[in-house]
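Spelled out, the chains give:
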Amino acid sequence: MIVPLPVFEKSIFETILARRSVRKYKPNKVENSTIGNLLEAAVRAPTAIHQEPWAFVIIQDLSLLKTLSDHAKPVFLEEVQQYRSTQDDHRLDMFESPDFNIFYNANTLIVICGKTASPFFSADCWLAAENLMLAACAMDLGSCVIGSAIPAFNVPSMRAKLRIPESYTVVAPIIIGYPDEEIYPTSRKSPLIFSSIYAH
Ligand SMILES: Cc1cc2nc3c(=O)[nH]c(=O)nc-3n(C[C@H](O)[C@H](O)[C@H](O)COP(=O)(O)O)c2cc1C
């Protein structure tokens, strides 16, 4: 895939610090060339034994995304039932509301799928996911991983609808769009360091 490379003004470190999960989007469509740039960034990620075990599904259809969201909510609720005592009940309540769209009305969803026969396919796909989200941030786009969609995406009827072959599994659904909210910094714990070992 050859796409013109965009010129970024933020340094990589500024971009890492600026990336936040965005949950409110403007209706503006993300252009095909921008999607091309994001995929170009994604596939630059390192992969175990250079397998590049990923494939992508791109959905830019708000009504299909709403249908997918409606389908995904009960599947997700059933999946997390076993962890309910340790979950934040308020957040799970949202999943019971018919108005809650798990894709936050973003008009673009990029689903990163991994070839399951490949060792470390999951790690490879998550590295691609972070590359994609950092590239989006550098282009002033918002993004958010939608893990709650994963159980539904791996239901056979859904896989068939999205033409995902049996040899692949859905790893990382990521919404992309133009942010329609102020993005405030999220807090982080200090790095937990078990030991720092130096030669004397
Ligand atoms: C594997 C994974 C799954 C996630 N699933 C969801 C999700 O279903 N819905 C959501 O709103 N955010 C989801 N997130 C985003 C996290 O809530 C977010 O990254 C975290 O709160 C830290 O905030 P930040 O990304 O703004 O720094 C997910 C993130 C990861 C890494």
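The structure this text deals with has already been given above.
Below or above, wherever it landed, is the structure these notes cover. Note that this is a predicted model, so its numbers are computed, not measured. (Residues numbered from 1 in each chain as written. Predicted model: local features only at pLDDT ≥ 70, side-chain atom pairs only at ≥ 80, totals over all residues. Heavy atoms only, no water.)

Side note on the overall build of the protein
- Summing up its helical and strand segments, the protein has seven helices and four strands in all.
- In terms of overall dimensions, the protein is globule-like: its C-alpha atoms have a radius of gyration of 18 Å, near the 16 Å expected for 200 residues.
- Viewed in the frame of its principal axes, the protein has a C-alpha envelope of about 60 × 45 × 40 Å.
- For the protein, with 200 residues in total, the buried portion stands at 42%.
- A fraction of 83% describes how many contacts in the protein between residues 6 or more apart in sequence connect residues 24 or more apart. (Helix = DSSP H or I, 4+ residues; strand = E, 2+ residues; numbered from the N terminus. Rg over C-alpha atoms; globule rule 2.2 N^0.38 Å. Buried < 20%, exposed > 50% of the residue type's maximum accessible area, 1.4 Å probe, protein only. Contact = heavy atoms within 4.5 Å.)

Structural notes on the pairing of strand β2 (residues 108-115)
- Counting buried positions over the eight residues of β2 gives seven, a clear majority of the element.
- With six bridges connecting them, strand β1 (residues 54-59) and β2 associate as antiparallel partners. Of the residues in β2, the one forming a bridge with F56 is I112.
- Of the pairings in the sheet, the one linking β2 to strand β4 (residues 168-177) comprises eight bridges and is antiparallel in character. Looking across to β4, one finds that G114 is bridged to T169. (Pairing = 2+ DSSP bridges.)

So, helix α5 (residues 121-138)
- Between its first and last C-alpha, α5 extends 26 Å over 18 residues, near the 26 Å set by a 1.5 Å rise per residue.
- Among the residues making up α5, those that are buried are F121, D124, C125, A128, A129, L132, M133, L134, A135, A136, C137 and A138.
- Phi for D140, located one or two positions after α5, is positive at around 60°. (Expected span 1.5 Å × (residues − 1).)

Describing the packing of aromatic side chains
- As enumerated under the stated definition, the model contains three aromatic pairs in all.
- Ring centres of F76 and F95 lie 4.7 Å apart, and the angle between their planes is 35°; on these two criteria the pair is classed as tilted. Highlighted residues: F76 in helix α3 (residues 62-80) and F95 in the loop between α4 (89-94) and β2, separated in sequence by 19 residues. An identical accessibility class is assigned to F76 and F95; each is buried. (Phe/Tyr/Trp six-rings, centres within 6.5 Å; stacked < 30°, edge-to-face > 60°.)

Some points on unusual backbone geometry
- Of note in the backbone geometry, F120 takes a positive phi value of approximately 65° without being a glycine.
- Relative to the elements of secondary structure, F120 occurs in the loop between β2 and α5.
- A positive phi angle, close to 60°, is found at D140, a residue other than glycine.
- For D140, the location among the structural elements is in the loop between α5 and β3 (142-145).
- Under the relative-accessibility criterion, D140 is labelled exposed at 55%.

Details of helix α2 (residues 32-42)
- A large share of α2 lies buried, amounting to nine of its 11 residues.
- Within the sequence span of α2, burial applies to T34, I35, G36, N37, L38, L39, E40, A41 and A42.
- Where α2 is buried, its residues meet β1, β2, α5 and β4.

Scope: geometric values only; no functional claims are made or implied.
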